[in-house]
Amino acid sequence: MQVILLGVSHRTAPVELRERLDFSSRDLGAAIQALALRPSAAETVVLSTCNRSEIYVVCNDPVRAREEVTGFLSEYHNLPETAFTPHLFSYDNESAVRHLFRVAAGLDSIVVGEPQILGQVKDAFQAAAEHHRTGPMLSKLFHWSFLVGKRVRTETGLGEGAVSVSFAAVALARKIFGQLNGRRVLVVGAGEISTLTAQHLRANGVGEILVTSRTPAHAEALAASVNGRSVPWNDLAQGVAVADIVVTATGSQRPIVTRAQIESVTGRHRRDPLFIIDVAVPRDVEASVGDIEQVFLYNVDDLQSLVQENLSRRSSEVERAESIVTEEVSKFGAWQRSRGAVPTIVALRERFDRIRRSELNRLDGKLSGMPPEAKARVDEITRLIVEKLLLEPTEQLKGLPDEETQVAYTEAINRLFRLRDGEPISQVDEGAAEVTPADRQRK
Amino acid sequence: MNFLPLALYAAAVVVYAIHFAKRQPSIGRTATTVLLLGVLAHTFVIGMQTMEVRHVPFSNTSTAVSSFVWMLALSYLYLEVTTDERAMGVFIVPILVGLQTIPAFNPGVDYRDPVLDSPWFWVHVTSLLFAYATFALAAMLGLTYVLQFKEIKKKHLGYFYTRLPSLHVLDAMNSRAVAVGWLFLTVGVVVGVVWAAQALALTPDNSNLRAMSLQDPKIFIAVLTWAVYSFAMFARKTLGWTGRRAAWLSAVGFVIVLLNFLPVSYFVTTSHTFQ
């Protein structure tokens, strides 16, 4: 059984093509079922996000499976094969495993280390499992990939630090206020970043969100979208006085929040911190406001440079994450090989046990005088001897370092013990089994 | 005997430092376990000493320091368990190690003047040691607040930013620690005054008791400590001295406490030397 992977991602295909090959927006279940009709794939998982569409298949005949999957993509998305094959990447076995582990770890994402992808990989596996398209191989592989994703997140800083301005602002707010529950937010001016920031703050459980704008309609629209309340523009100073977090994003040419204004309302010693996020250009808040003791003032450049720092810190963690992936790929390979050795081990054990039983049967007449407990004892002892003889070879076979060695070893064992693939063990020639070294000695 | 807790506290410092740097939950749990073992060993040591001298050993500076360390360790463990916040360990456990070296290398015999055989003495010392332990916590919380504040205010989010709790949490814990410490300080001082007056009436010739006055540095500084922490609480409530100001005040308060606890106790005081 082999694992193959075909797909497109942001690295190989432009967004227009990715959109055409996307499964996530359409019925993923239907796609899995349609793919199941192709005969060569024993197990299939379809992983589809906005940045990638990947199909993992376990098959016996990789060439045929590849053709079938390509044909399926073409039919299902109603695209000629030539439209996407130049952008299609294809991996098999170890490289497919490595690819999945890198994806789950967030190493293959546009924003390295982003956390959503692991959930998406889990969902993809879940969907395939619900349609009974996963078997022992892909189950093991995907569960392994979840662990790799988790390991990379806990052991490296790959997913740390906010990598967008609005997330960076919320992360800072949490370091100032701890829990954001009950904190009052004032949003001044409606823009893209201020809207996103307000939405993230809402998602983090802030209390009231007040919105004000020179154009009341804008304020009302934003207030409605973040479940806030719009207040008149004239109440700006008062709003700043009662807020814990202020987000400003107006198109004003001159500062609308000044130091004098804040100090006139709250006095020189602010009891509680005030976090001002000024994402307007030109700035809405006088720089000296940041000198007030309990005021933390961040403008869009400050936040942007935090994002840059976080990004560069993430990229410095890539190497550690990659080495975790490499380690896990080789562990997975070892698991696969140990699994590959299983038929030989089973055959070997059956062979030994058959010899044991036939010897016991032959001696049955001599043993007939013994009490039943003693006979059971003899049976037990002979079984233990076989177990012990086979213990070390079994371990060795499971732990072989690479596939080539494994093939050589199983070949040798098959020959030495006359284990034949596909033949029932009971047919392995009777005569040979009967002449044991013990017999020869007796003769 | 005080070496075993010292060794365990020192080991805990190392594990807390590794946890602070690497931020792995399993290392954090190990750190707590090692500290807990240290506290258990310390409890055993203090228990044995109590059996030996038949009173809780804190009549001389060395044994008092040992009891103080024990209380600080317990208070910190309480803080850690209730807040699930381990980042403070790397700041507080070194204090345990630093102070525990005193009883470890200079055990001293806990001989007790018969005049101290009073439950009031026990309340007086326990309250004050506990107050000092919470002031130590408050000071370290204040110190970490200042570190965190600096990084956020200056927009250099670095080493401490990711590791320390939020400013709000640090400030709230500092405020609570100062309040609890102040309460016990007040109880300790009041009980001390009442009990000294009673004892002096019974044994008018005792030189220690005769020296009990505000002119004695130990008593004067204790009152000064009380004034500093009273002001800290008053300022927080009415002047809005939260955050950095409160943090510095609690640090200053603890420096005074340490000064009173060690050099003054060893060299200067005339009233608190019941040996």
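Just above sits the structure.
Residues numbered from 1 in each chain as written. Chains lettered and ligands numbered in written order. Predicted model: local features only at pLDDT ≥ 70, side-chain atom pairs only at ≥ 80, totals over all residues. Heavy atoms only, no water.

Colleague: Break down the overall build of chain B for me, with residues and values.
Modeller: Scanning chain B from terminus to terminus reveals ten helices and zero strands. Taken from N to C terminus, the helices and strands of chain B fall in the order α-α-α-α-α-α-α-α-α-α. On C-alpha atoms alone, chain B measures out to a radius of gyration of 19 Å, which is about the 19 Å that the 2.2 N^0.38 rule sets for 275 residues. With respect to the three principal axes, the spread of C-alpha positions in chain B is 65 × 45 × 30 Å. Within the span of chain B, comprising 275 residues, buried residues form 54% of the whole. Approximately 12400 Å² of chain B is accessible, and the part contributed by carbon and sulfur atoms is 72%. Where the 18 positive side-chain charges of chain B centre and where its 11 negative ones centre are 16 Å apart. (Helix = DSSP H or I, 4+ residues; strand = E, 2+ residues; numbered from the N terminus. Rg over C-alpha atoms; globule rule 2.2 N^0.38 Å. Buried < 20%, exposed > 50% of the residue type's maximum accessible area, 1.4 Å probe, protein only. Areas by Shrake-Rupley, 256 points an atom, 1.4 Å probe, with all protein chains shown as cover. Lys, Arg positive; Asp, Glu negative; His and termini not counted. Charge placed at Lys NZ, Arg CZ, Asp CG, Glu CD.)

Colleague: Quick rundown of the overall build of chain A? Include the residues and the values.
Modeller: Scanning chain A from terminus to terminus reveals 19 helices and ten strands. Taking the principal axes of the C-alpha coordinates as reference, chain A spans close to 115 × 55 × 35 Å. In chain A, buried positions account for 47% of the 443 residues. A fraction of 74% describes how many contacts in chain A between residues 6 or more apart in sequence connect residues 24 or more apart. A total of about 21900 Å² of accessible surface is found on chain A, and carbon and sulfur atoms cover 52% of it. Across chain A, the centroid of the 53 positively charged side chains sits 5 Å from that of the 59 negatively charged ones. (Contact = heavy atoms within 4.5 Å.)

Colleague: Please set out the sheet that holds strand β6 (residues 209–212) of chain A residue by residue, giving values where relevant.
Modeller: All names here are of chain A. With parallel pairing, the six strands of this open sheet are ordered in space as β7-β6-β5-β8-β9-β10. For this open sheet the edge positions go to β7 (229–230) and β10 (295–299), each flanked by a neighbour on one side alone. One ladder, built from four bridges, connects strand β8 (residues 245–248) with strand β9 (residues 274–278); its direction is parallel. Paired with Val247 across the strands is Ile277, a residue of β9. Packed onto the sheet, helix α9 (residues 192–203) meets β5 (185–188), β6, β8 and β9 and runs at close to 155° relative to β8. (Pairing = 2+ DSSP bridges. Axes fitted to C-alpha atoms, helices over the stretch in contact; angles between N-to-C directions.)

Colleague: Now, about the pairing of β5 of chain A: what can you tell me, with residues and values included?
Modeller: Residue and element names in this part refer to chain A. The alternating pattern of β5 places Val185 and Val187 on one face and Leu186 and Val188 on the opposite face, and all of these are buried. With α9 bridging β5 and its parallel neighbour β6, the resulting β-α-β unit is right-handed. Here β5 pairs with β8 via four bridges, running parallel. Across the sheet, the residue bridging to Val187 is Val247, located in β8. (Right-handed = clockwise from strand over helix to strand, strands pointing away.)

Colleague: Before we move on, can you summarise the side chain of Asn299 of chain A with the specific residues and values?
Modeller: Residue and element names in this part refer to chain A. Along the chain, Asn299 turns up in strand β10. Only 2.9 Å separates the side chain of Asn299 from the backbone nitrogen of Asp301, close enough to count as a polar contact. With near-sequence residues (within four places) excluded, Asn299 lies in contact with Asp278 and Arg283. (Polar contact = N/O pair within 3.5 Å; in protein donor to acceptor, adjacent residues only side chain to side chain.)

Colleague: Account for the pairing of strand β2 (residues 41–49) of chain A, naming residues and giving values.
Modeller: Residue and element names in this part refer to chain A. β2 sits mainly inside the fold: eight of its nine residues count as buried. Pairing geometry for β2 and strand β3 (residues 52–59), over eight bridges, is antiparallel. In the sheet register, Ala41 faces β3, and the bridge partner there is Cys59. A loop of two residues connects β2 with β3, the two strands running antiparallel in sequence.

Colleague: Lay out helix α5 (residues 94–105) of chain A with the relevant residues and their values.
Modeller: Residues and elements named next belong to chain A. Spanning twelve residues, α5 covers 16 Å between terminal C-alpha atoms, matching the ideal 16 Å at 1.5 Å per step. With nine of its twelve residues buried, α5 lies for the most part within the structure. Those residues of α5 that fall on the buried side of the exposure criterion are Ala96, Val97, His99, Leu100, Phe101, Arg102, Val103, Ala104 and Ala105. Just beyond α5, the residue with positive phi is Gly106, at close to 85°. (Expected span 1.5 Å × (residues − 1).)

Colleague: Break down the packing of helix α3 (residues 61–83) of chain B against helix α4 (residues 89–105) of chain B for me, with residues and values.
Modeller: Residues and elements named next belong to chain B. With their axes 8 Å apart at the nearest point, α3 and α4 run at an angle of 160° to one another. It follows from the interaxial angle that α3 and α4 lie roughly antiparallel. The handedness of the crossing between α3 and α4 is left-handed. When α3 is examined against α4, the residues Ser62, Val65, Ser66, Phe68, Val69, Leu72, Ala73 and Tyr76 are found in contact with a partner set consisting of Gly89, Ile92, Ile95, Leu96, Leu99, Gln100, Ile102 and Pro103. (Parallel < 35°, antiparallel > 145°, perpendicular 65-115°, else oblique. Left-handed = near helix turned anticlockwise from the far one by under 90°.)

Colleague: Requested: an account of the pattern of salt bridges, with residues and values cited.
Modeller: A side chain with one charge can pair with a side chain of the opposite charge if their charged atoms come near. All names here are of chain A. Per the stated rule, a full pass over the model turns up 31 salt bridges over all chains. Residues Glu263 and Arg259 are paired through a salt bridge, measuring 3.1 Å at the closest nitrogen-oxygen approach. Of this pair, Glu263 and Arg259 both sit in helix α12 (residues 259–266), four residues apart, roughly one helical turn. For Arg259, a relative accessible area of 26% corresponds to the partly exposed category. Between Glu387 and Arg349 there is a salt bridge whose closest N-O contact spans 3.4 Å. You can see Glu387 sitting in helix α16 (residues 372–398) and its partner Arg349 sitting in helix α14 (residues 342–362), a full 38 residues away along the chain. Glu387 sits in the partly exposed class, given a relative accessible area of 35%. One network of salt bridges, in which partners are shared, links Arg11, Arg52, Glu54, Arg102, Asp108 and Glu322. (Salt bridge = Lys/Arg side-chain N within 4 Å of Asp/Glu carboxyl O.)

Colleague: Go over unusual backbone geometry with me, naming the residues and quoting the values.
Modeller: Residue and element names in this part refer to chain A. The omega angle of the peptide bond from Val281 to Pro282 is -5°, so this bond is cis rather than trans. Positive phi, close to 60°, is recorded for Asn227, a residue that is not glycine. Within the fold, Asn227 resides in the loop between α10 (216–225) and β7. Residue Asn227 is classed as exposed on the basis of its relative accessible area of 61%.

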